[in-house]
Amino acid sequence: MSTTVAPTGSGIGTSARRVDGIPKVTGEYAYGSDLDAENSLWGFTLRSPHASARIRSIDVTAARRGDGVAAVLTADDLPARRTFGLEFCDQPILGDGVVRYAGEPVAIVAAETLEEARQAASAVIVDYEPLVPVTDMEAALEPGSPRVHDFGNVLRHVHILHGDVDSPEAEVWVDGYFETGTQDQAALGPEAGLAVPASDGGIDLYVATQWLHVDRQQIAPCLGLPEEKVRITLAGVGGAFGSREDVHMQIHASLLALKTGRPVRMSYGREESFHGHVHRHPSRTWIRYGATRDGRLVACDVRLLLDGGAYASSSPAVISNASTFASGPYEVPNVRVEGTVVYTNTPPCGAMRGFGAPQVCFAYESAMDLLAAELGIDPLELRLRNALHTGSVLPTGQVITGTAPVREVIEKLQAIPMPPEEPASGRDPISYPGGAGNVSRGESLRRGVGYAVGYKNIAYSEGFDDAAEATVTLRPGPDGPVASIRTAAVEYGQGLYTVLAQIVRSELGVEDVVVEPATTESGSAGSTSASRQTTMSGGAVLGACAEIKQELAKHPLEEPISRTFTYHHRPTTELDEHGQGDPHVAFAFAAERAVVEVDVELGLVRVLQIAAVQDAGRVLNPQGATGQVEGGTAMGLGLAVMEELQLQDGNIRNASFTDYLIPTILDAPPIVTEFVEVPEPGAPLGVKGVGEMATVVATSAVIAALRDATGRTLNRAPATPEDLVGIRPPATTAGPAPVPDVPGQKAIPEYLGLGLGQQELMKARER
Amino acid sequence: MLIRTTVNGRDCEADVWPGASLLALLRDELGFTGSKNACEQGECGSCSAWLDGELVCACLVPAVQADGAAVRTVESLGDGERLHAVQDAFLAAGAVQCGFCTPGMVVAAVDLLERNPQPSDETIREALAGNLCRCTGYQKILDAVHLAAAELS
């Protein structure tokens, strides 16, 4: 029954086993929700049922008298700064006079047991005066709309103008309107952690997050503590996908721990998790391509609207990303993009795998298919004729100086064999669309094939000083040298620590590499997001190894050699008043082909195969990289056919895994993955991150295939069974959303001098 | 209420509130945190465990049902020194990313292979349809179960 675990050491380019694998398969790996401490309390959050309301009063008398209750805190009890936020401090720690979305925290409780904490929270009496909410992103732009914040509902508007979008060179025009719904990251591990009060009056926090230092930067002022008294250690992270970028339970648990003098653990249930983290922005896009008759793109005119929800989170960066990629991975000489993200009284949206790129990919790839049909050109041939390449000029005026193997990616995709035809009858019932439901015997099956090509930036953009620190130590050991890596970078499943260990093995020639726990005692490694850590922390580890090798060249290893290295990528720039600049450091490209089978009477779908080709620069761990493409593809497939957070008057109607469906193993198709490896000049080891690109394109590829199978418009993701059988008409529009009157390209809170978030860290580093 | 049970062959007892689930008993009272809590509705399989030999979602089973019963969890399968073939296959196939679904997925896969040592793709998909994974896209989980089946045969 048992096998012995083999030694796993191996270097760059091998499918080395995960360094954190064994405790994960045995159940010993300690996630945030597994943590406990002697004499600990449970924390619980009371949340607003109203999308918009004034808080007249909060009565905590009964709650404080509850069994086992140690503390009940409201906004009146906050000791210091009352708001937090990733980019701007516009989000109250606890509802402060008003609530702006259903699910906003208004009180927190600590009690001996979770059940007692829940009971006490239900005994808090909040007197709300409900207000009329604005819950639609276009309604938020109307002059008479209720205001989510005093300064209005526009969070950021990005204007990009390059050339003349009415160019007479264009002989053929196509217009499209596309929508995407709100997607949830649905990481299986909930928001969770443990806050332990320390004898120096500070706090030791163990939490599942994505960036320890930006958490600390937001937490410390809210506790009234200097940063050095807030020590954060990474707990096991059960997936993130962007949802852990924002602070969730960190400040609440710390406040309760400091108030009670006892450790406080918090772990959201699934329903609370849906309210307790940001989501993927729902989008509306109006897009117009102009081309010559022989299929050369001349112009692209895009109006884009994202719903940011009640607070800023990372929305200003998401709208910038979405806007800069809105004309697709194609050479288009004349481009105008008007991208707006608004505040509404809905749960906040922020980072999710792809970061604005999947929404615009759905629009531009759908429009490219319309154009191909209009011109009578094969869809992939049209894309090949216009593909970006090194030296191409982007709508921002940025010239691609790195690699852009769009043609290679598409050509490699074309070479992947199609799945075999299957007989319509006589199959295993589970292999029909809706198979497990046993509803079809193959009567009305139609096969469809769809393609999508897309791209996204690697690492941070728009002038952000992107940096990562890592320390590598090499020591002599009884069986040869051993190495350790100290980094504050977060591993949440993508295999970062394994790849960092592989780099050390190859560079220093040691098998035995330990990755130490991530804490704020190390310097910032930046967030594990934006497909950036293989480049950034990989670059830092590589730099530290290079310095150690220099030492070793001088003398043999007798004492431990430890080197700390901080890697920066080359500077980027902000967008000027016309959206021109050099905002991105590098780009990665992907193309996918989806083959689907649709029961066109029942609207049921089976995805037969997805073929995926990704530009990876250089693959450091083939198995791990393939896993990223497969997982990212499944997430994009989810948005294509099933995943949408249903909001009614701002309330989430499906905050559970019973009602918010993510793909199961029955929904997931075989995925054929290949990489194009053209080393990125200037990047450590020539790498490009691989975490996001599959998600950017998968939704569009699957819906294109569904269109091919059904002949329907399908201009909204997810495409539901009602859409597939034609019961629900395509999404309609009264015309493009208006362009708001704004002072410039920056986020509106920045013009108002609202407290900054990440930018402070950058400026502090500059000082 | 007082619950007496055996977990992985060890006698255990705990005093829990009447609404407590088997999962809460295992995780919060007895310290068996290998079974994960991810949905509380029996939708995700992260808490998969055996109750008197039957595969259950521990979040759906009242703790009182474990009174006098034998519970078996992921912790029974292997440790850092020696792994069950299914655990080893999950590592070899790259079927683990964040790992949160992994204990439940491993338990469900072991349960399947104990009943059906050579399952087809369709059988594996049907058996694991109640175990959600958000990271892998499932392909490598399918590979891992085949690999373990070959290893065990």
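Residues numbered from 1 in each chain as written. Chains lettered and ligands numbered in written order. Predicted model: local features only at pLDDT ≥ 70, side-chain atom pairs only at ≥ 80, totals over all residues.

**Let's talk about the sheet that holds strand β12 (residues 192-197) of chain A**
Residues and elements named next belong to chain A.
Next up, step 1: Read from one edge to the other, the open sheet built from seven strands follows the order β4-β8-β2-β15-β12-β13-β14, with strand pairing classed as mixed. Each end of this open sheet is capped by a strand with a single partner; those strands are β4 (69-73) and β14 (230-234). Averaged over neighbouring strand pairs, the angle between their axes works out to 20° when direction is ignored.
Next up, step 2: Relative to strand β15 (residues 264-267), strand β2 (residues 41-47) is paired through two bridges, and the arrangement is parallel. Bridge assignment links Trp42 to a residue of β15, and that residue is Arg265.
Next up, step 3: Strand contacts of helix α4 (residues 212-223): β13 (203-207) and β14, with the helix running at about 145° to β14, the strand carrying the most contacts. (Pairing = 2+ DSSP bridges. Helix = DSSP H or I, 4+ residues; strand = E, 2+ residues; numbered from the N terminus. Axes fitted to C-alpha atoms, helices over the stretch in contact; angles between N-to-C directions. Contact = placed C-beta atoms within 7 Å.)

**Here's the deal with the domain arrangement of chain B**
Residue and element names in this part refer to chain B.
Next up, step 1: If you check the domain split of chain B, you get domain 1 (2-76) and domain 2 (85-152).
Next up, step 2: The centre of domain 1, based on its C-alpha atoms, is set 21 Å off from the matching centre of domain 2.
Next up, step 3: Between domain 1 and domain 2, the contact holds twelve residues from the first and eleven residues from the second. (Domains from an automatic or database assignment.)

**A word on the interface of chain B and chain A**
Next up, step 1: Taken together, the contact pairs 49 residues of chain B with 53 residues of chain A.
Next up, step 2: The leading source of residues in the side of chain B that touches chain A is helix α2 (residues 85-93) of chain B, at five residues.
Next up, step 3: Within the side of chain B that touches chain A, the residues separate by chemical class into 21 nonpolar, 16 polar and twelve charged. (Nonpolar A, V, L, I, M, F, W, Y, C, P; charged D, E, K, R; others polar.)

**As for the domain arrangement of chain A**
Residue and element names in this part refer to chain A.
Next up, step 1: Here chain A is described as being made up of domain 1 (21-30 + 467-568), domain 2 (32-131 + 190-237 + 244-276), domain 3 (141-184 + 280-359 + 736-751) and domain 4 (387-456 + 578-725).
Next up, step 2: Each of domain 2 and domain 3 has a C-alpha centre, and these two points are 34 Å apart.
Next up, step 3: On the domain 3 side, the residues contacting the 16 residues of domain 2 number 20 residues.
Next up, step 4: Across the side of domain 2 that touches domain 3, the residue classes break down as six nonpolar, five polar and five charged.

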